[in-house]
Amino acid sequence: MLFHSLDFLLFYLATAGFYLALARTGSWRAQKLLLLAASLLFYASWRAPYVLLLAAMTLVAYATALAVAAARDTPRERRYLTLGVGASLAILGWFKYRGFLFANLSLLGMRAAPSWSQVELPLGISFYTFHAISYMVDVHRGRVEARRNFLDVALYLAFFPQLIAGPITRASQFLPQLVTPRRPTPEMIERALLLVVLGLFKKVACADVLGEYVDQVFKSVATQPGLNLALGAYAYAFQIYFDFSGYSDMAIGLAALLGFELPLNFRLPYAAENPADFWRRWHISLSTWLRDYLYIPLGGNRRGTVRTYVNLLVTMLLGGLWHGPAWNFVAWGAYHGALLAVHRWWSGTRAAARTTAWRVGLRRLAMFHAACVGWVLFRAESAADIASYFTGLVRPGIVWSPACTLAAWWTALAFGIHQLCAEEDLGRRFLALPPMAQAAAYATMTTLVFLFSPATQRFIYFQF
């Protein structure tokens, strides 16, 4: 069930209706059981057997956390943690990376990849694996208590708004919300409705429309004129932003309507002025997870300049591989790791420049184009396509088509709106409008969704 499908709308309305009805009984446990059952049904709608995989990951996290807590301050504590995290990563590796491993071994002249090495990637496995790891590690670090209530741990991993593509919510953020019944306030409901409608608009009327042109460009890279390739890169930058931030908006809004708070995942990333700023704005829940559970444990910036650069590169390489078992994702991660290392070196060798409007604008424009270069690596399907894309940018001319014209208008409009939002809190201003004005805006966005909507497409991050 996609968030922007009729099936999901009916599912959500039924779930929310029963959830609110159970609230009148005063049984918070019954409400949590309902949310867990609904979450498992939501996941089973994709492929039912993989519910067992989610259950296995939950059992590993639950048992490990209890074992770590029971062995506190003994040598066994770290051993239990290592076993639990290792088991979680082994499950992720088996289902996500075994085909990639065998395919590359076969390229090196070893035996051909066996048929059993190819398996359909379970939806959301990268996200709920990171949820499980953060729970176990945070119990070890003393940031959250190990829960003896299996229901709470299961609901933390399976909560359907965040299950498939995040945001990656820490146990310390979510588990305390399960202690007492959740009641959405009027302010939460008002904000949640805005997020849901805005997310729907981003996904259907923006991302999917741009995606039609992006697919055309990337399927015929070798024959596209240079300006079409440039527009394709710009269009993809906004397609993936609208697609993923639209999902995150809807996830946060849908959770808020049930009384739960999920963390912010995007903060106008194309207003970033440098690579570090970009990763403080893009996929925030992942970048902070990689910082706290990988970069800092590797030593962060505490072991000298060279080691800091190495830690940045390793963190981003693994972050790229987390996105998918393909070399283009590894290249994308290495590219961003290099950008972060170069920025850190450059910042350390120069005095801070004066902040003026034109300097800020130039830095934002430069970082936006640096991100677009990375998105070509992210989207291309092979090294040959990447090389062809960048060499083809100097090819003269442009071929106009209805899809190209629409993509050009949407991209220019998106860039302008994005930069405007960087200067003003438009969401706060919108919610201050009279109810009739808000209703008119919602009606307009919903109408545009149905007018411009192409065939329903899955969210891009569902493949990760």
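Residues numbered from 1 in each chain as written. Predicted model: local features only at pLDDT ≥ 70, side-chain atom pairs only at ≥ 80, totals over all residues. Heavy atoms only, no water.

**Section: the side chain of Asp292**
Right, so step 1: Assignment of secondary structure puts Asp292 in helix H13 (residues 284–298).
Right, so step 2: On the accessibility criterion, Asp292 (14% relative accessible area) is buried.
Right, so step 3: Of the polar contacts made by the side chain of Asp292, one reaches the side chain of Arg291; its length is 2.8 Å.
Right, so step 4: Ignoring any residue separated from it by four or fewer positions in sequence, one finds Asp292 in contact with Arg141, Arg170 and Pro297. (Helix = DSSP H or I, 4+ residues; strand = E, 2+ residues; numbered from the N terminus. Buried < 20%, exposed > 50% of the residue type's maximum accessible area, 1.4 Å probe, protein only. Polar contact = N/O pair within 3.5 Å; in protein donor to acceptor, adjacent residues only side chain to side chain. Contact = heavy atoms within 4.5 Å.)

**Section: unusual backbone geometry**
Right, so step 1: Cis geometry marks the peptide bond from Gly166 to Pro167, where omega comes out at 5°.
Right, so step 2: A positive phi is found at Asp73, a non-glycine position, where the angle reads about 65°.
Right, so step 3: Within the element layout of this structure, Asp73 appears in the loop between helix H3 (50–70) and helix H4 (75–96).
Right, so step 4: Not every positive phi belongs to a glycine, and Leu268 is a case in point at roughly 50°.

**Quick notes on the nonpolar core**
Right, so step 1: Ranked by internal contacts, the top residues of the largest apolar core, which has 142 residues, are Tyr135, Phe260, Tyr270, Trp282, Trp375 and Tyr461.
Right, so step 2: The element contributing the most residues to this core is helix H11 (residues 226–257), with 17 residues.
Right, so step 3: Excluding residues within four positions of it along the chain, Tyr135 makes contact with Ala61, Tyr62, Ala65, Val144, Glu145, Ala146, Arg147, Val153, Tyr156, Ala171 and Leu175. (Core = buried A, V, L, I, M, F, W, Y, C linked by side-chain atoms within 4.5 Å.)

**Examining a nonpolar patch on the surface**
Right, so step 1: A cluster of nonpolar residues, Leu6, Leu9, Leu10 and Leu13, forms a patch on the protein surface that exposes about 420 Å² of accessible area.
Right, so step 2: For Leu10, the location among the structural elements is in helix H1 (residues 6–23).
Right, so step 3: Residue Leu10 is classed as exposed on the basis of its relative accessible area of 52%. (Patch = residues over 30% accessible without salt bridge, like charges linked within 9 Å, V, L, I, M, F, W, Y side chains within 5 Å. Areas by Shrake-Rupley, 256 points an atom, 1.4 Å probe, with all protein chains shown as cover. Salt bridge = Lys/Arg side-chain N within 4 Å of Asp/Glu carboxyl O.)

**Points about the pattern of salt bridges**
Right, so step 1: On inspection of all chains with the given rule, the structure shows twelve salt bridges.
Right, so step 2: With its nearest N and O atoms 2.9 Å apart, the salt bridge here joins Arg170 to Asp292. Placement of the pair is Arg170 in the loop between helix H8 (160–163) and helix H9 (171–174) and Asp292 in helix H13, with a sequence separation of 122 residues.
Right, so step 3: Residues participating in the shared-partner salt-bridge network are Lys32, Arg147 and Asp152.

**Let's talk about the packing of aromatic side chains**
Right, so step 1: Across all of its chains, the model carries 57 aromatic pairs by this definition.
Right, so step 2: Relative to Phe11, the ring of Phe8 has its centre 5.8 Å away and its plane inclined at 45°; by these criteria the two rings are tilted. Residue Phe8 and its partner Phe11 are both found in helix H1; the two are separated by three residues, about one turn of the helix.
Right, so step 3: According to the relative accessible area criterion, Phe8 is buried, its value standing at 3%.
Right, so step 4: Geometry around Phe459 places Lys203 over its ring, the cationic atom sitting 4.8 Å from the centre.
Right, so step 5: The aromatic ring of Tyr236 is capped on one face by Arg379, whose charged end is 6.0 Å from the ring centroid. (Phe/Tyr/Trp six-rings, centres within 6.5 Å; stacked < 30°, edge-to-face > 60°. Lys NZ or Arg CZ within 6 Å of the ring centre and 35° of its normal.)

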